[in-house]
Amino acid sequence: MANKNKVLKDYKFGLAGNKKKLGVNYLRYIFNGLEASSGSEQMFYVELEMINPTISPSEVVLGFKPRINLSADDLQYALAGTQAAKNINTETIVQPSYCAIRIGMLGNNPKQICYYFSTKDMIYSAKPFQIDINNKLFTENKISGFLSVSQEEKLAHPELFSDDGYVTWDISYEVDDAILNGYKKKNIRWFPFGLNTLYTGKINFDGVDYIVDPRKCSGYIERYWGETFPATWFHISSANISSVITGKTLQNSSFSVQGVFENKVSFIGKFEDLKLELCADTSNRQYSVVWDCTQMPECENIDENQLHWSVSLNSKLWIIDIDIYCRIKDLFNRSLELPEGKRKVLNLLEGASGTGEIKIYKHIGNTLEQIEHVKLVKTICEFGESEESNI
């Protein structure tokens, strides 16, 4: 890994020490697994997230759980059923503070299992990098652990945003080419650290074994930290890329689009020897971008409702056009709590079966030359917006 000290510094930033602060610190791993009995593919994600860890370092504080705020007089009013009882504030809205591990699968029967813990429960080592939370392990080359949530716990605690079930995972990984660019401003940072990551290992979800093969893993890692998540979350990424021009699969190729940052999205892509980076933290003169996520109108040629992710980026040197389609029935709806509290969440629709294409053109004088036209399958598609939760 080139410039390993710099890479690891950025990779582990804010996860421990005096750099922990208010806001969100988010690390996500994505990979494919092959079901051992049938060979069918399933996309998985593992997330490590810290929300406002310095507010309550010793206790998990979820922002949605009702907290009774009654004085002795209030209790008497309530028992007596007086008019004053109607004006009692029975709940205190708090700012969340916790760490979370989430592991989920996308596709058929999507679900996620969540585990919450305080920063006091996290055992951290800088050299070598390692985080251990009750035998749930995150290192610079491995992730492993076990999570279990009962049906009773799920029904009693909807604020956990967890399904019931159990999962164990033991995965090694190797980042092919660490990416540190993406978006960087004073209070926010995103980069697709492992744009092309090789995973090896196994995962068992609700008793079903999956094998993670580095040749078919579609591996990806990203890092995000900031005061909060973007008000609009727009993400597409894939490592399943083939050239329409040559008909060949493009090896060691992948891309990621992320936003929305200052009304722009960032594009990081590697298509064999061609590497492109259009980052939203550059000036508007560097490139312009148009993006959207819309539902396709019903027509005779489309028998299922679809969402369409579209991006068009235009710089002095490049034009990049992206079109991805994903069936609505394949999308998983989940929520991430926002660090500002007030019952606000990032409500996400996400899937792993997007199909589409990318067309890449280069400005040569006053003409455009098509450099590449690629076909995409098994693309991660996400769209979300900040809103108030109904929990």
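Residues numbered from 1 in each chain as written. Predicted model: local features only at pLDDT ≥ 70, side-chain atom pairs only at ≥ 80, totals over all residues. Heavy atoms only, no water.

Undergrad: I tried to follow the overall build of the chain on my own but got confused; where do I start?
TA: Each helix and strand in the chain was counted, giving three helices and 24 strands. Every one of the 391 residues in the chain was classed for burial, and the buried ones make up 51%. For the chain, long-range pairs separated by at least 24 residues make up 63% of all intrachain contacts whose partners lie at least 6 apart in sequence. Of the roughly 18500 Å² that the chain leaves accessible, carbon and sulfur atoms contribute 47%. (Helix = DSSP H or I, 4+ residues; strand = E, 2+ residues; numbered from the N terminus. Buried < 20%, exposed > 50% of the residue type's maximum accessible area, 1.4 Å probe, protein only. Contact = heavy atoms within 4.5 Å. Areas by Shrake-Rupley, 256 points an atom, 1.4 Å probe, with all protein chains shown as cover.)

Undergrad: Which parts of the structure should I look at to understand the pattern of salt bridges?
TA: Between side chains of opposite charge, a pair can form when the charged atoms approach closely. As enumerated under the stated definition, the model contains 17 salt bridges in all. Salt-bridge contacts for Arg102 lead to Glu47; the nearest nitrogen and oxygen are separated by 3.4 Å. Of this pair, Arg102 sits in strand β3 (residues 98–106) while Glu47 sits in strand β2 (residues 41–51), and the two are 55 residues apart along the sequence. With respect to class, Arg102 is no different from Glu47; both count as buried. Among the ionic pairs, Asp164 bridges to Lys154, the shortest N-O distance being 3.8 Å. Highlighted residues: Asp164 in the loop between α3 (151–156) and β9 (165–175) and Lys154 in helix α3, separated in sequence by ten residues. In this structure, a network of salt bridges that share partners links the residues Glu47, Glu49, Arg102, Arg334 and Glu350. (Salt bridge = Lys/Arg side-chain N within 4 Å of Asp/Glu carboxyl O.)

Undergrad: Explain the nonpolar core here, please?
TA: In globular proteins that are soluble, nonpolar side chains generally tend to be buried together. One finds Phe267, Trp309 and Ile322 to be the most contacted residues of the largest nonpolar core, which totals 67 residues. Sorting elements by how many residues they give to this core places strand β23 (residues 344–364) first, with six residues. Once residues within four sequence positions are removed from consideration, Ile322 is found in contact with Ile236, Val257, Phe267, Trp309, Ser310, Val311, Leu313, Glu357 and Ile358. Phe44, Ala178, Phe193 and Ile221 belong to the second-largest nonpolar core, a separate cluster that totals 42 residues. (Core = buried A, V, L, I, M, F, W, Y, C linked by side-chain atoms within 4.5 Å.)

Undergrad: What should I look at first to understand empty space enclosed by the protein in this one?
TA: Empty space among the atoms becomes visible once a probe the size of a water molecule is rolled across them. The tally for this structure, following the rule as stated, stands at three cavities of 30 Å³ or more. Estimates place the volume of the largest cavity at around 90 Å³. When residues of the lining of the largest cavity are traced back to their parent elements, those giving at least two are β1 (24–35) and β13 (219–226). The residue inventory of the lining of the largest cavity, partitioned by class, reads six nonpolar, four polar and three charged. The space that makes up the second largest cavity amounts to roughly 70 Å³. Taken together, Ile30, Met43, Leu195, Ser218, Gly219, Tyr220, Ser237, Ser238, Ala239, Asn240, Lys378 and Ile380 form the lining of the second largest cavity. Going through the elements one at a time, β13, β14 (232–238) and β24 (367–388) are the ones with two or more residues in the lining of the second largest cavity. When the residues that make up the lining of the second largest cavity are grouped by side-chain class, the tally is six nonpolar, five polar and one charged. (1 Å grid on protein atoms, 1.4 Å probe; cavity = no way out; pocket = protein on both sides within 12 Å on 5 of 7 lines; lining within 4 Å. Points joined across faces, edges and corners; volume = space filled by probe spheres on them. Nonpolar A, V, L, I, M, F, W, Y, C, P; charged D, E, K, R; others polar.)

Undergrad: Help me understand the packing of aromatic side chains, please; the structure alone is not making it clear to me.
TA: Each aromatic ring pair is characterised by the separation of its centres together with the angle its planes make. According to the stated counting rule, one finds 23 aromatic pairs in the structure shown. Aromatic side chains Tyr26 and Phe229 sit 5.6 Å apart centroid to centroid with 85° between the ring planes, which places their arrangement in the edge-to-face category. With Tyr26 in strand β1 and Phe229 in the loop between β13 and β14, this residue pair connects regions lying 203 residues apart in the sequence. Just as Tyr26 is buried, Phe229 falls in that class too. Between the aromatic rings of Trp190 and Phe261, the centroid separation amounts to 6.5 Å while the plane-to-plane angle is 35°, which identifies the pairing as tilted. Note that Trp190 is positioned in strand β11 (residues 188–205) and Phe261 in strand β16 (residues 254–261), a separation of 71 residues in sequence. (Phe/Tyr/Trp six-rings, centres within 6.5 Å; stacked < 30°, edge-to-face > 60°.)

Undergrad: I'm lost on the layout of surface pockets in this one. Help?
TA: If you add up the space inside the largest pocket, you get close to 450 Å³. Along the walls of the largest pocket sit 22 residues, with Arg215, Ala239, Asn240, Thr249 and Gln251 positioned nearest its centre. Listed by contribution, the elements that provide at least two residues to the lining of the largest pocket are β11, β15 (241–243) and β24.

Undergrad: Any chance you could explain unusual backbone geometry here in plain terms?
TA: Residues other than glycine predominantly adopt negative phi, and peptide bonds predominantly adopt the trans conformation. Cis rather than trans, the peptide bond between Lys127 and Pro128 has omega equal to -5°. Tracing the backbone shows Pro128 in the loop between β5 (123–125) and β6 (130–133). The linkage connecting Gly259 with the following residue, Val260, adopts the cis geometry, with an omega of 10°. We note that Asn109 has phi near 50°; this positive angle belongs to a residue other than glycine. Positive phi, close to 50°, is recorded for Phe161, a residue that is not glycine. Within the element layout of this structure, Phe161 appears in the loop between α3 and β9.

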